[in-house]
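# Descriptive analysis of the structure
One letter stands for each residue in the lines below.
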Amino acid sequence: MDERPLRLITSSPLDALARTVEALLVVASAPLPLEDLAAAADDDVERVEAALRLVGERHSEGRSGIVLEHVAGGYAFRASREAAGACSRLFERPVQRSLSQAALETLAIVAYLGPCTRPEITRIRGVAAEATVANLLERGLIAEAGRDDAPGGAIRYRVTPLFERVFGLASLAELPRLDDFEGDAETIRERLHVVAAQRGA
Amino acid sequence: MRVAELELDLEAFEGPLDLLLTLVLKEEIDLAEIDVAGIVLAFIEELLGRDRSENGADECELGESDLEACGEFLVLVSALLELKARLLFDDEAAELAELEPEEAAEELARRLAAYRRTKEAAAWLTSRLEQEQDRFFRLGPAPLRPPVSRPVAPHDPAALAAALRVLATPPQAVSLAHMALRYPPLEQFVQRFRSLLAGRSRFDFENELGELSRVEQAVAFLALLELGRLDEVAIKQAAPFAPIRVERRDTERSSAWTSARSA
């Protein structure tokens, strides 16, 4: 563990900005984008970025019980991992708790293909998605994102910033590429073609 | 028990089952809107209700006629479900039916691969969730955000000021002078002419107008006509536009005339 003393109160202008940024992050209950921090601190984006680096140094794992993280397109404080046991004795995590396999599959579809409609989810999973979608909406992991242009205009869904935060993603770009999940698709294809050839014969 | 007469009270339909079937076949009701499970429940409730009334509260035994009804009902509901399924997935069914075995296999493989990818992605999310299970953070209402500025489109400030100045200037008061038509009461002239004729027997109307305004002249003329109507005076004019001569009627015996004279 780094034994350097913490220097939270200095007269440097960047230190003053860092303290302001800390204050803003403490009052916010969701990640604050850099631009919002700069607007609230009434300072340049570049200087706020530098101040964030300073705050990040001070609030990192092993140095502080509060850790700065870049998540869901913004910056936020979270508890340090070493305090997770204590936190779990004090708080539940209703958003993450008992996410079913169906919910995770639906979440994956919405995260990768969203905004997408419930019929699209049903088509991919092959089973009705009504209850799962309602559950994810209630947890705040997905949200409505307008209506489809097709006749009927089904409601479209997208994942929320809370999804990114729960899964510790700075943005959706951090999700692995869908093409990397090919698995044994080629084997299945070959088997199906064998069956088709037998039926066609 | 007749299945066709089964009374239904569904969200989209209320009435006997045979009417529902007729409406569905005539396409006057959208089968997609009909809750088939509701029909099944209604049938079961009807069946249990009949059994209880016939065999007592605790015994539920199906008679031969009930078994027939069940069979008939099963056939009908199966048909309804098949119709509904076809309605819900008609395009897809048609697409797949037209495919050759090779193409169908390819399509199926494509769908299975898509689902496989979804499952893999869900597994990745699961492992991610496990890694992140010791991350605790504050959850609460949306944070206060800096107010969003909505700048207006660029405009010349001078032109804007000029436009505002026009709007800020109070409009000139509208003159209503032409509407203020002031004229003396008719009675004033009536009395005046009566007094005049009390002293002499005639006078020329023009001579009495003096400095009267046009409105007052008109009122004076109306007063003259009034006196004429009351038969107190005789109004004479030798020719058009000639002076109007007003004479007291010697035969006039009205009370007004007498009182004016005595006054």
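Predicted model only: the values in this text are computed from it and were never measured. (Residues numbered from 1 in each chain as written. Chains lettered and ligands numbered in written order. Predicted model: local features only at pLDDT ≥ 70, side-chain atom pairs only at ≥ 80, totals over all residues. Heavy atoms only, no water.)

## Some remarks on helix α9 (residues 214–229) of chain B
Residue and element names in this part refer to chain B. What counts, and what does not: The numbering of helices and of strands both runs from the N terminus, where a helix is a DSSP run of H or I of at least 4 residues and a strand a run of E of at least 2. Given the number of residues in a helix, its expected span is that number minus one, multiplied by 1.5 Å. Here, residues are in contact when the closest pair of their heavy atoms is within 4.5 Å.
For α9, spanning 16 residues, the distance from its first C-alpha to its last is 23 Å, which sits close to the expected 22 Å at 1.5 Å a residue. Along its buried surface, α9 packs onto α7 (186–199), α8 (205–209), β4 (233–237) and β5 (244–248). In the stretch just after α9, Asp231 is the one whose phi turns positive, near 65 degrees.

## What about the sheet that holds strand β4 (residues 142–147) of chain A?
All names here are of chain A. Rules: Strands were regarded as paired on the criterion that DSSP finds at least two bridges between them.
Sheet architecture is open: three strands sit in the order β3-β5-β4, paired in antiparallel fashion. Of all strands in the sheet, those with a lone pairing partner are β3 (116–117) and β4, marking the two edges. Here two bridges tie β3 to strand β5 (residues 155–159), and the two strands are oriented antiparallel to one another. For Cys116, the partnering residue across the bridge sits in β5 and is Tyr157.

## A closer look at the pattern of salt bridges
Once the charged atoms of two side chains with opposite charge are near each other, the side chains can pair. Residue and element names in this part refer to chain B. To keep things clear, this is the line we draw: For salt bridges, the criterion is a side-chain nitrogen of Lys or Arg within 4 Å of an Asp or Glu carboxyl oxygen. Working definition: with a 1.4 Å probe on protein chains only, accessible area under 20% of the residue-type maximum means buried, over 50% means exposed, and in between means partly exposed.
In this structure the tally under the stated criterion is 17 salt bridges over all chains. Arg135 serves as the salt-bridge partner of Glu132, at 3.1 Å between the closest nitrogen and oxygen. Glu132 gets classed as buried once you look at its relative accessible area, which sits at 8%. Taking the relative accessible area as the measure of exposure, Arg135 reaches 1% and is therefore buried. Here Arg249 and Asp231 are joined by a salt bridge, their closest N and O atoms 2.7 Å apart.

## Let's talk about the packing of helix α1 (residues 13–27) of chain A against helix α2 (residues 34–41) of chain A
All names here are of chain A. Selection criterion: In this analysis an axis means a line fitted to C-alpha atoms, helices contributing only their contacting stretch, and an angle means the value between N-to-C directions, from 0 to 180 degrees. Orientation is classified from the angle alone, with under 35 degrees giving roughly parallel, over 145 giving roughly antiparallel, 65 to 115 giving roughly perpendicular, and any other angle giving oblique. Should the near helix be turned counterclockwise from the far one by less than a right angle, the crossing is left-handed, whereas a clockwise turn marks it as right-handed. Each residue is assigned to one of three groups, with Ala, Val, Leu, Ile, Met, Phe, Trp, Tyr, Cys and Pro labelled nonpolar, Asp, Glu, Lys and Arg labelled charged, and all others, Gly among them, labelled polar.
Relative to each other, α1 and α2 sit at 115 degrees, their axes nearing to 10 Å. As judged from the angle between their axes, α1 and α2 are roughly perpendicular. Of the two possible hands of crossing, α1 and α2 adopt the one that is right-handed. On the side of α1, the interface is formed by Leu17, Thr20, Val21, Leu24 and Leu25, while α2 contributes Leu37, Ala40 and Ala41. In terms of residue class, the contact of α1 with α2 is built from seven nonpolar, one polar and no charged.

## Overview of the interface of chain A and chain B
Interfaces are often sized by the amount of accessible area the parts lose when they come together. Rules: The term buried area denotes the loss of accessible surface (1.4 Å probe radius) that occurs when two parts are joined, taken as the sum for both partners.
With 56 residues of chain A at the interface, the matching set in chain B holds 39 residues. Contact with chain B buries area across many residues of chain A, yet Arg81(A), Arg93(A) and Phe181(A) alone supply 15% of it, more than any other trio. Where Glu69(A) meets Arg135(B), a salt bridge forms, and the shortest distance between an N and an O atom there is 3.0 Å. The dominant element in the side of chain A that touches chain B, judged by the number of residues it contributes, is helix α9 (residues 185–200) of chain A, at eight residues. In terms of residue class, the side of chain A that touches chain B is made up of 35 nonpolar, eight polar and 13 charged.

## Some details on a negative patch on the surface
Residue and element names in this part refer to chain A. Which entries qualify depends on this criterion: Patches were defined on residues exceeding 30% relative accessible area and lacking a salt bridge, with like-charge contacts within 9 Å and nonpolar side-chain contacts (Val, Leu, Ile, Met, Phe, Trp, Tyr) within 5 Å. Only the protein chains shown count as cover for residues, with accessible areas throughout obtained via the Shrake-Rupley method and a probe of 1.4 Å. In this count, Lys and Arg are taken as positive residues and Asp and Glu as negative ones, while His and the chain termini are left out. For the purpose of locating charges, the reference atoms are NZ of Lys, CZ of Arg, CG of Asp and CD of Glu.
On the surface, a cluster of negative charge is made up of Glu35, Asp44, Glu46 and Glu49. Examined against the element boundaries, Glu49 turns out to sit in helix α3 (residues 45–58). Residue Glu49 is classed as partly exposed on the basis of its relative accessible area, which comes to 34%.

## Looking at α1(A)
Along an α-helix, residues three or four positions apart point the same way, because every turn accommodates 3.6 residues. Under the 1.5 Å per step criterion, the end-to-end length of α1(A) is 22 Å for 15 residues, consistent within 8% with the ideal 21 Å. Residues of α1(A) that are buried include every one of Asp15(A), Leu17(A), Ala18(A), Val21(A), Glu22(A), Leu24(A) and Leu25(A), and no others.

## Things to note about the sheet that holds β4(B)
Residues and elements named next belong to chain B. With respect to topology, three strands assemble into an open sheet ordered β3-β5-β4, the strand pairing being antiparallel. Strands at the two margins of the open sheet, each flanked by one partner only, are β3 (202–204) and β4. With direction set aside, neighbouring strand axes in the sheet form an average angle of 20 degrees. Across three bridges, β3 lies against β5 in antiparallel orientation. The partner of Phe203 across the bridge, within β5, is Val246.

## Let's talk about the environment of Glu69(A)
What counts, and what does not: We define a polar contact as two N or O atoms separated by no more than 3.5 Å, with the added condition that, inside protein, one atom must be a possible hydrogen donor and the other a possible acceptor, whereas residues neighbouring each other in sequence contribute only through side-chain atom pairs.
Tracing the backbone shows Glu69(A) in strand β1 (residues 66–71). The class of Glu69(A) is buried, set by a relative accessible area of 11%. Ignoring sequence-local partners within four residues, the contact set of Glu69(A) consists of Gly74(A), Tyr75(A), Ala76(A), Arg78(A), Arg165(A) and Arg135(B). Among the polar contacts listed, one links the side chain of Glu69(A) to the side chain of Arg78(A), at a separation of 3.1 Å. At 3.0 Å, the side chain of Glu69(A) and the side chain of Arg135(B) are in polar contact.

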